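One-letter residues, chain by chain:
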Amino acid sequence: MDITEIDKATLINLYSVISRIRKVQLRIEELYHQDNMKTPVHLCLGQEAIAATICENLTKQDYVFSNHRGHGHYLAKGGDLNAMIAELHCKETGCSKGRGGSMHLIDLSVGLMGSSSIVSGGIPLAVGVAFSSACKKDGLISVVFFGDAASEEGVLHESMNFAAVKKLPVLFVCENNFYSVFSHQTTRQLVTDITARPKAFGIPTYKADGRDVIDAYLKSKQAIEVVRGGQGPAFIECKAYRWRGHAGAGDELKDKYRKLDEWDEWMNCCPLQKYETLLLDNNILTDKIIDTVNSQIDVEINKAFDFANESPLPRKDELEKYLYG
Amino acid sequence: MPWTKFLIDKTEPGFDEHADQEDRKLTFSEAMREGLDQSLARDENVYVMGQGVDDPSGMFGITVDLHKQYGSERVFDTPLSENGLTGIAVGSAIAGMRPVYLHNRPDFLMLAMDQIINHAAKWSYMFGGQSTVPLVIMAVIGRGWGSAAQHSQSLHGLFMHIPGLRLVMPSTAYDAKGLLTASIADNNPVIFIMHRWLFKHSSFVPEELYSIPLGKGVVRRKGKDVTIVAISYMVIEAMRAAEELEKDGYDVEIIDSRTLLPLDEEIILDSIKKTGRLIVADTDWVTAGASAEISAMVADKGFEYLKMPIKRVGWPNSHVPGSYVLEEAFYPGVDDIVSSVKEIVK
Ligand SMILES: Cc1ncc(C[n+]2csc(CCOP(=O)(O)OP(=O)(O)O)c2C)c(N)n1
Ligand SMILES: [Mg+2]
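Every chain's residues receive numbers from 1 upward, in the order its sequence appears when written. By the order in which they are written, chains take letters starting at A while ligands take numbers starting at 1. Selection of residues for local features in this predicted model requires a pLDDT of at least 70, selection of side-chain atom pairs for listing and counting requires 80 or more, and totals for whole chains, interfaces and linings are taken over all residues. Computation of side-chain values covers all heavy atoms of the structure but excludes hydrogens and water.

A. Local environment of the overall build of chain A. Scanning chain A from N- to C-terminus turns up 13 helices and eight strands. All radius of gyration figures rest on C-alpha atoms, and the globule criterion is 2.2 Å times the number of residues raised to 0.38. Relative to the compact-globule value of 20 Å for 325 residues, chain A shows a C-alpha radius of gyration of 19 Å, a close match. Overall size of chain A, expressed as C-alpha extent along the three principal axes, is 55 × 50 × 45 Å. Relative accessibility thresholds used throughout: buried, under 20% of the residue-type maximum; exposed, over 50%; partly exposed, between the two (1.4 Å probe, protein chains only). Burial statistics for chain A: of 325 residues in total, 61% are counted as buried. All accessible-area figures derive from a Shrake-Rupley calculation using a 1.4 Å probe, and residue coverage is judged against the displayed protein chains alone. Roughly 12,800 Å² of accessible area belongs to chain A as shown, and the carbon and sulfur atoms make up 52% of that amount. By the counting rule applied here, Lys and Arg register as positive and Asp and Glu as negative, while His and the ends of each chain are not counted. Taken as the charge location is NZ of Lys, CZ of Arg, CG of Asp or CD of Glu. Taken as two groups, the 37 positive and 43 negative side-chain charges of chain A have centres that lie 4 Å from each other. Helix and strand definitions here come from DSSP, where helices need a minimum of 4 consecutive H or I residues and strands a minimum of 2 consecutive E residues; each element is numbered from the N-terminal end.

B. Highlighting the interface of chain B and chain A. Contacts: residue pairs with any heavy atoms within 4.5 Å of one another. Residue-level contacts link 37 residues of chain B with 40 residues of chain A. Put simply, buried area is how much 1.4 Å-probe accessible surface two parts lose in total, over both of them, once they are put together. Both sides together, the interface formed by chain B and chain A hides about 3,300 Å², and carbon and sulfur atoms give 64% of it. Salt bridge criterion: a side-chain nitrogen from Lys or Arg within 4 Å of a carboxyl oxygen from Asp or Glu. Here chain B and chain A share one salt bridge between them. In this structure, the salt-bridge partner of B:Glu328 is A:Lys316, at a minimum N-O distance of 2.7 Å. For the purposes of these results, a polar contact is taken to be a pair of N or O atoms within 3.5 Å, where, inside protein, one atom must be able to donate a hydrogen and its partner to accept one; residues adjacent in sequence count only when each atom of the pair is a side-chain atom. Between the two partners, chain B and chain A, sit 15 residue pairs in polar contact (both at pLDDT 80 or more).

C. Molecular detail of the coordination of the magnesium ion (ligand 2). Donor atoms from the polypeptide that bind the magnesium ion (ligand 2) are A:Asp148 (OD), A:Asn177 (OD1) and A:Tyr179 (O), placed at 2.1 Å. The rule for donors is simple: N, O or S, within 2.8 Å of the metal, or within 3.2 Å if the metal is Na, K or Ca. Water isn't counted, so a site may look like it is missing partners. Of note, the magnesium ion (ligand 2) draws all its donor residues from one chain, in the sequence arrangement D-x28-N-x1-Y.

D. Spatial organisation of the environment of B:Pro309. All names here are of chain B. By the element assignment, Pro309 lies in the loop between α11 (290–301) and β14 (311–315). Expressed as a C-alpha distance, the spacing of Pro309 and Ala182, which sit 127 residues apart in the sequence, is 35 Å. The residues contacting Pro309, other than those within four sequence positions of it, are Leu278 and Ile344.

E. Examining the pairing of strand β5 (residues 136–141) of chain B more closely. All names here are of chain B. Most of β5 sits inside the fold, with six of its six residues counted as buried. Burial of β5 is two-sided: the residues Val136, Met138 and Val140 facing one way and the residues Ile137, Ala139 and Ile141 facing the other way are all buried. Note: strand β4 (residues 98–103) against β5, four bridges, orientation parallel. If you follow His103 over to β5, its bridge partner there is Ala139. One bridge is not enough; two strands pair if DSSP finds at least two bridges between them. Where β5 lies against strand β7 (residues 190–195), six bridges are found, and the strand directions are parallel. Opposite Ile141, over in β7, you have His195 as the bridge partner.

F. Quick look at the packing of aromatic side chains. Working definition: a ring pair exists when centres of Phe, Tyr or Trp rings (six-membered ring for Trp) sit within 6.5 Å. Plane angles under 30 degrees give stacked, over 60 give edge-to-face, the rest tilted. Across all of its chains, the model carries 21 aromatic pairs over all chains by this definition. Look at A:Phe178 and A:Trp266: their rings are 5.0 Å apart centre to centre, the planes differ by 90°, and that puts the pair in the edge-to-face class. Highlighted residues: A:Phe178 in the loop between β4 (170–176) and β5 (179–180) and A:Trp266 in helix α11 (residues 260–267), separated in sequence by 88 residues. Under the relative-accessibility criterion, A:Trp266 is labelled buried at 7%. For the pair B:Tyr47 and B:Phe76, a centre-to-centre distance of 5.9 Å together with 10° between the ring planes defines the contact as stacked. Within this pair, whereas B:Tyr47 is found in strand β2 (residues 46–50), its partner B:Phe76 is found in strand β3 (residues 75–76), the two being separated by 29 residues in sequence. Judged by its relative accessible area of 7%, B:Tyr47 is buried. Taken together through their ring pairs, the aromatic side chains of A:Phe178, A:Tyr179, A:Phe182, A:Tyr241, A:Tyr257, A:Trp263 and A:Trp266 make up a single cluster. Here, a charge over a ring means that NZ of Lys or CZ of Arg falls within 6 Å of the ring centre while also lying within 35 degrees of the ring normal. The ring of A:Tyr179 has A:Arg258 sitting right over it, with the charged end atom 5.0 Å from the ring centre.

G. Just the site of ligand 1, in detail. Proximity is defined per residue: any heavy atom of the residue falling within 4 Å of a molecule or strand makes that residue near it. Neighbouring ligand 1 are 21 residues; A:His68, A:Arg69, A:Asn177, A:Tyr179 and B:Glu82 lie closest to it. Ligand 1 sits at the junction of chains A and B, each of which supplies nearby residues. A:Asp148 places a polar side-chain atom, nitrogen or oxygen, 2.8 Å from an oxygen atom of ligand 1. The separation between an oxygen atom of ligand 1 and a polar main-chain atom of A:Ala149 is 3.0 Å. With the chains in place, 98% of the 570 Å² that ligand 1 exposes on its own is no longer accessible. A 1.4 Å probe that fits into a set of points on a 1 Å grid over the protein atoms alone but cannot get out defines a cavity; an open set with protein on both sides within 12 Å along at least five of seven lines defines a pocket, and lining residues are those with an atom within 4 Å of a point. For a molecule to be placed in a cavity or pocket, more than half of its atoms must lie within 2 Å of the grid points of that cavity or pocket. When atom positions are compared with the pocket grids, ligand 1 is found to occupy the largest cavity.

H. Region of interest: the sheet that holds strand β2 (residues 112–115) of chain A. All names here are of chain A. Spatially, the six strands line up as an open sheet ordered β2-β1-β3-β4-β8-β7, and their pairing is parallel. In the strand order of this sheet, the two ends are held by β2 and β7 (205–209), each with one partner. Averaged over neighbouring strand pairs, the angle between their axes works out to 20° when direction is ignored. Here strand β1 (residues 63–66) pairs with strand β3 (residues 142–147) via three bridges, running parallel. Residue pairing in the sheet places Tyr63 in a bridge with Ser142 of β3. Sheet strands touched by helix α2 (residues 48–56): β3, β4 and β8 (234–239). Its angle to β3, the strand with the most contacts, is close to 170°. All axes here are fitted lines through C-alpha atoms, helices being fitted over the stretch that makes contact, and every angle between N-to-C directions spans 0 to 180 degrees. On the sheet, helix α9 (residues 213–228) packs against β4, β7 and β8 and is oriented at approximately 160° with respect to β7.

I. View of the pattern of salt bridges. One pass over the full model with this rule turns up 35 salt bridges over all chains. Across the pair A:Arg20 and A:Glu300 runs a salt bridge whose closest N-O atoms are separated by 2.9 Å. In this pair, A:Arg20 sits in helix α1 (residues 8–32) while A:Glu300 sits in helix α13 (residues 287–310), placing the two residues 280 residues apart along the sequence. On the basis of relative accessible area, A:Arg20 is assigned to the buried category, the value being 18%. Salt-bridge contacts for A:Asp251 lead to A:Arg258; the nearest nitrogen and oxygen are separated by 3.0 Å. Each member of the pair A:Asp251 and A:Arg258 is classed as buried. Here the salt bridges share partners, and the residues they tie into one network are B:Arg24, B:Glu34, B:Lys177 and B:Glu207.

J. A look at helix α10 (residues 265–275) of chain B. Residues and elements named next belong to chain B. Those residues of α10 that sit buried are Ile267, Ile268, Leu269, Ser271, Ile272 and Thr275. Summarising the contacts, the buried residues of α10 are in contact with β9 (218–221), β10 (226–230), β11 (252–256), β13 (278–285) and α11. Sitting at the head of α10, Asp264 places a side-chain oxygen 3.4 Å from the backbone nitrogen of Glu266.

K. Quick look at the packing of helix α5 (residues 122–136) of chain A against helix α6 (residues 154–165) of chain A. All names here are of chain A. Between α5 and α6, the shortest axis-to-axis distance is 9 Å and the interhelical angle comes to 15°. With respect to α6, the axis of α5 lies roughly parallel. Of the two elements, α5 crosses α6, and the hand of that crossing is left-handed. Of α6, the residues touching α5 (which contributes Ile123, Pro124, Val127 and Phe131) are Val155, Leu156, Ser159, Phe162 and Ala163. A per-class count over the contact of α5 with α6 returns eight nonpolar, one polar and no charged. We call two directions roughly parallel when the angle between them is under 35 degrees, roughly antiparallel when it is over 145, roughly perpendicular when it lies between 65 and 115, and oblique otherwise. Handedness of a crossing follows from how the near helix is turned relative to the far one, being left-handed for an anticlockwise turn of less than a right angle and right-handed for a clockwise one. Three residue categories are used. Nonpolar comprises Ala, Val, Leu, Ile, Met, Phe, Trp, Tyr, Cys and Pro, charged comprises Asp, Glu, Lys and Arg, and polar comprises the others, including Gly.

Right under this line is the structure:
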């Protein structure tokens, strides 16, 4: 895979998206202990490049369904940062009006259709949206992000079969971070190559390394071209490491469940650092541009937290509001 | 999951039905663990599975290190395949095993409803009692810290609707262990639902294995003015409400239903004979839920004893909200019980 296959503007944009996700995650983690974000957060540190590279290949109108670990998906699709941080603070100005919290992000204005905290819950919904696109012939595609453990649920298999039979424009994105809470993939799955599943349904598959932005971008591009070309669904398995515990800040019990050699290998390879070096080496970025990009992100994050802190809480007498549409 | 840590520390002190026996107190989760341990030791057909049962946190402490004691054949982690694994558990139960299948949340049981309702609950009946399903399915109700709509449901009302199931909801450590033993020993599918906020509550727990019969409620507090039938965590809220009400001269009787299928109708009716008033306090929606069923049962079989309309304290007609301010508005508690009592006891 070669960096020259990607234009400069895309490369720079990817850098800024990944860095932004990273910085937002780190800020949330840093402030989480203050208990102002009373919501269970599932950080995507280490996995940022997956959401970024997939979404870089989508249009604003294309659809995305997310899951419990959804901050990166939301931001990469262009979701409003203020509304996300406000949602984490349980405020009325949050993207789900404080009714959902961290696991239920939505921004319909950019095609971020919602996120389910039931593992695998979003998968058939994305296929349904693709079905609707096929009916309406609107040319849009639908993407669903899910984890390695979601591939154990029957509903993924049912959804893949239907999508394949009907040639629906849906991309299945499996983020394999090796873990489901504390359980390693190898204790849950005999065949750890997750792409073996979609293959059985006749779905074209791709594998990407979530530490390697160029690889992930180009593989995503290929997969999305297939889906957009009307050939039916595609499936991409992206590997990346979950840098933190399943939920909350840090990873207190890490020594009790992590495989140490794996930890060393994956933690020592930061997708952002690696990409930054690559861009510097290729004279795509300079230290100065990097500083500018990152300080802009910091300003934006500060503003988002200010916005969230200053926003009103939902009103108690509006508990039942939104129950019906 | 880390956020639940906040809840552990927030859990209010409970009460101890054997307060005189100072010697051996266990928390709810310790009692559950001890019960599982002893059941595994007693019967080699018992096995324990579920997402995370062998992880360092051991399902909120209930299963911690059991896999080290009994090996990974008998205590094991499962893939996330709730419906399939429920069916597999049912199949093994049909063949004589006694599976205990643990889930973090009742919400996740919704993926397994086909196997629970269409298969497990009906198996004995459909085949004229020739084949039985001795299976225990456990789940822990979440609450607070923005657990929100998909991680806080109780849902026992759904299960109470289904013939052929047992439905168990303990509120003390003592009951947890005793009802667990009875559930594992029972030849039918048992849905065993615990409330996360009970886990730090401790009470006297005998060391030996003992069993509390399914279908026997217990009077937690004697009184003559009003009967409160409380379910699961609402027992704690009702006990606190009773203490407060006592200061104002109200004499409250509290019945812990312990199990909902079967329901101890007798203990409820006997109490209403005396008090003439009923409040049902539940950790679920009131609409068509356990509180509705208990109220209907009393209207049906105890109408002549009632001096005032029945009151229900349970969830409003809304999903569990994410925001903590809305959580406060959503969850009923001591205040709601107190005002309900004052409304019907004059
Ligand atoms: C149906 C269902 N079962 C169990 C859970 C509890 N749970 C929440 S996230 C999670 C781990 C999922 O792992 P994976 O799909 O690999 O996603 P990751 O957390 O690694 O991003 C589990 C078991 C759930 N939310 N839904
Ligand atoms: Mg995972």
